[in-house]
Amino acid sequence: VEPWMSGNARGPSTAFTLLYRFFAMGPLSGKQIQLLLDHPDSPYIRSIGFLYLRYVCDPGKLWDWFEPYLEDGEMFSPSGPHGKEVTMGCFARDLLLGQFYFETLFPRIPERLRRDIVQRLQSRGMETEARGNGGCGGGGRPGKAPG
């Protein structure tokens, strides 16, 4: 689910081409977003749903969309078959907490809402810092969390 094609190519990845198509079509309905988030065929389809929300959703509604999935145990590798495997819940949590996804910049979550999200995560005993599970590209890339 990286923004760019792998290898030497500098074109957008299939995932980000699909995201662009969703943006260009106009806002997806709540039902369409729910279908992406609950898609049974592939965690990559689900991850595109989370990315779509993180880029376009009203920050005040992000928690309501993400909260049911924070403990989702489905494993996948956001960086492709040879990348680090994470749970869908960790991926979703990092999208909420992080400002970057690989080389892309997410819309800013207002500080008041960000603190509320952190407090809600703390009350569940969950990590409150992004760990690079959403956007864990190669060394030196903005989306990669340190050590």
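So, a few notes on the structure that sits alongside this text. For clarity, every value in this text was computed on a predicted model and none was experimentally measured.

## Describing the overall build of the protein
Next up, step 1: The helix and strand inventory of the protein stands at six helices and four strands.
Next up, step 2: The N-to-C order of helical and strand elements in the protein reads α-α-α-α-β-β-α-β-β-α.
Next up, step 3: Summing over all exposed atoms, the protein offers an accessible surface of approximately 8000 Å²; the carbon and sulfur share of this is 53%.

## Here we look at the nonpolar core
Next up, step 1: One finds Phe50, Leu51, Leu53, Phe66, Phe91, Leu95 and Tyr101 to be the most contacted residues of the largest nonpolar core, which totals 39 residues.
Next up, step 2: For this core, the secondary-structure elements that each account for two or more residues are helix H1 (14-24), helix H2 (30-37), helix H3 (43-56), helix H4 (62-66), helix H5 (88-97) and helix H6 (111-123).
Next up, step 3: Apart from the residues within four sequence positions on either side, Leu53 is in contact with Ile33, Leu37, Leu62, Trp65 and Phe66.

## Description of H6
Next up, step 1: Here H6 is 13 residues long and its end C-alpha atoms lie 18 Å apart, about the 18 Å a rise of 1.5 Å per residue gives.
Next up, step 2: In this fold, the buried residues of H6 make contact with H4 and H5.
Next up, step 3: Positive backbone phi, approximately 75°, marks Gly125, located one or two places after H6.

## Things to note about the pattern of salt bridges
Next up, step 1: This model, assessed by the stated rule, comprises nine salt bridges.
Next up, step 2: Glu111 is the partner of Arg114 in a salt bridge, and the nearest nitrogen-oxygen pair spans 2.8 Å. One end of the pair, Arg114, and the other, Glu111, are both in helix H6, three residues apart, so they sit about a helical turn from each other.
Next up, step 3: Taking relative accessible area as the criterion, Glu111 reaches 31% and is therefore assigned partly exposed.
Next up, step 4: What emerges from the salt-bridge pattern is a single network uniting Arg46, Asp72 and Glu74.

Cut-offs applied
- Residues numbered from 1 in each chain as written.
- Predicted model: local features only at pLDDT ≥ 70, side-chain atom pairs only at ≥ 80, totals over all residues.
- Heavy atoms only, no water.
- Helix = DSSP H or I, 4+ residues; strand = E, 2+ residues; numbered from the N terminus.
- Areas by Shrake-Rupley, 256 points an atom, 1.4 Å probe, with all protein chains shown as cover.
- Core = buried A, V, L, I, M, F, W, Y, C linked by side-chain atoms within 4.5 Å.
- Buried < 20%, exposed > 50% of the residue type's maximum accessible area, 1.4 Å probe, protein only.
- Contact = heavy atoms within 4.5 Å.
- Expected span 1.5 Å × (residues − 1).
- Salt bridge = Lys/Arg side-chain N within 4 Å of Asp/Glu carboxyl O.

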